[in-house]
Amino acid sequence: MIEDTLLVQLAKDYGTPLYVYDGDEVVARYNSFLKAFKSRYKKTKVMYAVKANSSLALLRLLAKQGCGADVVSGGELFIARKAGIKSEDIIFTSSSKTVQELELALEEDVIVTHGNVSELLTFSSIAEERGKTARICFRVNPDVSSKTHPKIATGLKNSKFGLHLEGDIALKAYEKALELNGVKPIGVHAHIGSQIHESQAFEEAVSKLMDFAVMLKKELGVELDFIDLGGGLGISHQGEKTLTPKEFAEAILPNFLNGLEDLSNEPYLYLEPGRYIVGPAGVLLTKVNSVKKTPYKNFVNVDAGFNTLARPTLYDAYHHMTVLGKSGNEELVDVAGNVCESGDILGRDRSLPKTSVGDIISIKDCGAYGFAMASEYNSQPLPCEVLVRGGIGELIRTRRSYSDLIAEQKIPEALK
């Protein structure tokens, strides 16, 4: 955990809003997750979900630990490769890829996950035209309900993700892939959602996935190189009980190992944690611009908003907050962002020490889906990021300027 005194100093040195990541914690959480599974099944590979946080320095840090990557865009694929993650350790899982992204995936020789046959046909055509054979898999929809926010539940039957097991829809997709040139199915993939605290939905999904793997072997003779169980392990924002990596592994591995008994090989087990690895390792520092008392609410107005941290507005997400260097003398306030929208409240009804202009508020658990979802709405430049290792902070992304806001814009000749 980064000391408050260091956070205050970093805010002075680099300004606010500011994302700060504890690199030592990132490494520790990665190793904890990997060990929980690899100690029980040696052929385990962690494919970090890059969408949680795609900062180049964090990806480089994970690459040096031997971590793979789950990417969902051409941009994430580009960054993962620049960070030093090997092509064979990258899986491209977007549900809607452009031709340009498919061409990049083929050029970089990464595994491509398809969620529909239409995209498979496009990719097969591209690969065949270039005389290549690409490694692919399909994402299946296990129709499993996980107890999480509806906007991050992805395993339901009405979700946009994956091919349904019912009606042999997924099976027929593999059958089609075997008929095509340019592609070779080598794995199967499922992901049921994010920020999940209980194991039941995971256990059910793994059971269905393993049954399907056995079906692929018996019906089509497909021997899988890997089985990807996705990610979704939640973190605690308000002290709620969640699964540790050890508990997670103990819950889902029995169904995985039982399914292997009916396969003739031992495929790799892929897992795609994102939030678990980087979420608790990051904080967002924001400065108090002003305080406002009304007959109905007390507001603490800060220099960050939902353009800097979207989750509270987007998902009604809770992030714990502290006022650095202060304790006691608490009052109930709403921490309000600087975006011109009524919904821009970063924390509602929070009991915080009496706050003054210039105070620094630390918003916890922002390492995942913080900067990654930030925007320049209201023409607010993107914040900067700092990585701390061994108690020393280093700038890993510079703050955008007002000039950057218009750097790629042009005024038509007729308006000059």
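Quick note: structure is the one above.
Residues numbered from 1 in each chain as written. Predicted model: local features only at pLDDT ≥ 70, side-chain atom pairs only at ≥ 80, totals over all residues. Heavy atoms only, no water.

1. Considering the layout of surface pockets
- The computed volume of the second largest pocket comes to approximately 380 Å³.
- Lining the second largest pocket we find 19 residues, and of these Met1, Glu25, Pro280, Lys364 and Asp365 sit closest to its centre.
- Looking at side-chain class alone, the lining of the second largest pocket contains eight nonpolar, five polar and six charged residues. (1 Å grid on protein atoms, 1.4 Å probe; cavity = no way out; pocket = protein on both sides within 12 Å on 5 of 7 lines; lining within 4 Å. Points joined across faces, edges and corners; volume = space filled by probe spheres on them. Nonpolar A, V, L, I, M, F, W, Y, C, P; charged D, E, K, R; others polar.)

2. Details of the pairing of strand β17 (residues 384-389)
- Burial runs high along β17: five of the six residues are buried.
- Two elements, strand β1 (residues 18-22) and β17, share five bridges in a ladder whose sense is parallel. For tyrosine 21, the partnering residue across the bridge sits in β17 and is leucine 387.
- Note that β17 and strand β18 (residues 392-397) share five bridges and pair antiparallel. (Buried < 20%, exposed > 50% of the residue type's maximum accessible area, 1.4 Å probe, protein only. Helix = DSSP H or I, 4+ residues; strand = E, 2+ residues; numbered from the N terminus. Pairing = 2+ DSSP bridges.)

3. What to know about the pattern of salt bridges
- Applying the stated criterion to the full structure yields 19 salt bridges.
- Between glutamate 413 and lysine 416 there is a salt bridge, and its shortest N-O distance comes to 3.0 Å.
- A single salt-bridge network, built from bridges that share partners, covers Glu103, Glu129 and Arg130. (Salt bridge = Lys/Arg side-chain N within 4 Å of Asp/Glu carboxyl O.)

4. Details of the pairing of strand β6 (residues 134-141)
- A large share of β6 lies buried, amounting to seven of its eight residues.
- As paired elements, strand β5 (residues 111-114) and β6 share three bridges and run parallel to each other. Its bridge partner being in β6, histidine 114 is matched across the sheet by phenylalanine 138.
- Relative to strand β8 (residues 183-189), β6 is paired through six bridges, and the arrangement is parallel. Looking at the pairing, isoleucine 136 lines up with proline 185 of β8.
- Sheet topology note: the β6/strand β7 (residues 163-164) ladder contains two bridges and is parallel.

5. Comments concerning the packing of aromatic side chains
- Scanning the model with the defined rule gives twelve aromatic pairs in all.
- Here phenylalanine 33 and tyrosine 276 contribute two aromatic rings whose centre-to-centre distance is 5.9 Å and whose plane-to-plane angle is 45°, an arrangement assigned as tilted. Remark: tyrosine 276 occurs in helix α10 (residues 275-278) and phenylalanine 33 occurs in helix α2 (residues 23-38); sequence separation between them is 243 residues.
- Given a relative accessible area of 2%, phenylalanine 33 falls into the buried group.
- By relative accessible area, which is 8% here, tyrosine 276 ends up buried.
- These aromatic residues form a ring-pair network of at least three members: Phe33, Phe37, Phe202, Phe248 and Tyr276.
- Residue placement shows arginine 29 over the ring face of tyrosine 276; its charged tip is 4.1 Å from the ring centre.
- Note that lysine 43 overlies the ring of tyrosine 268, its terminal NZ or CZ placed 4.8 Å from the centroid. (Phe/Tyr/Trp six-rings, centres within 6.5 Å; stacked < 30°, edge-to-face > 60°. Lys NZ or Arg CZ within 6 Å of the ring centre and 35° of its normal.)

6. Comments concerning unusual backbone geometry
- A cis amide bond links threonine 16 with the next residue in sequence, proline 17, at an omega value of -5°.
- Checked against the element boundaries, proline 17 lands in the loop between α1 (4-14) and β1.
- Within the chain, aspartate 349 stands out as a residue other than glycine whose phi angle is a positive 50°.
- Mapping aspartate 349 onto the fold places it in strand β15 (residues 345-353).
- One non-glycine residue, asparagine 378, lies in the positive phi region at around 65°.
- Mapping asparagine 378 onto the fold places it in the loop between β16 (360-363) and β17.

7. Remarks on the side chain of aspartate 344
- Of note, aspartate 344 is situated in the loop between β14 (330-336) and β15.
- Arginine 348 provides the closest opposite charge to the buried, unpaired aspartate 344, separated from it by 8.8 Å.
- Polar contacts involving the side chain of aspartate 344 include one to the main-chain amide nitrogen of asparagine 338, which spans 3.2 Å.
- Discounting chain neighbours no more than four positions away, the residues touching aspartate 344 are Gly305, Phe306, Thr313, Ala336, Gly337, Asn338 and Val339. (Lys, Arg positive; Asp, Glu negative; His and termini not counted. Polar contact = N/O pair within 3.5 Å; in protein donor to acceptor, adjacent residues only side chain to side chain. Contact = heavy atoms within 4.5 Å.)

8. So, the nonpolar core
- Core analysis: the largest hydrophobic core is formed by 112 residues, its most contacted members being Phe37, Tyr48, Ile227, Ile252, Phe256, Ile277 and Ile361.
- The biggest single contributor to this core is helix α8 (residues 200-220), with ten residues.
- Among the nonpolar cores identified, the runner-up in size contains 13 residues, and Ile2, Leu7, Val20 and Val388 belong to it. (Core = buried A, V, L, I, M, F, W, Y, C linked by side-chain atoms within 4.5 Å.)

9. Some points on the environment of threonine 93
- Inspection of the secondary structure puts threonine 93 in the loop between β4 (90-92) and α5 (99-108).
- Of the residues examined, threonine 93 reaches a relative accessible area of 7% and is grouped as buried.
- For threonine 93 and threonine 113, which are 20 residues apart along the polypeptide, the C-alpha to C-alpha distance reads 4.9 Å.
- For threonine 93, the contacting residues outside a window of four places in its chain are Asp70, Val71, Val72, Thr113, His189 and Glu272.
- Polar side-chain contacts of threonine 93 include one of 2.6 Å to the side chain of aspartate 70.

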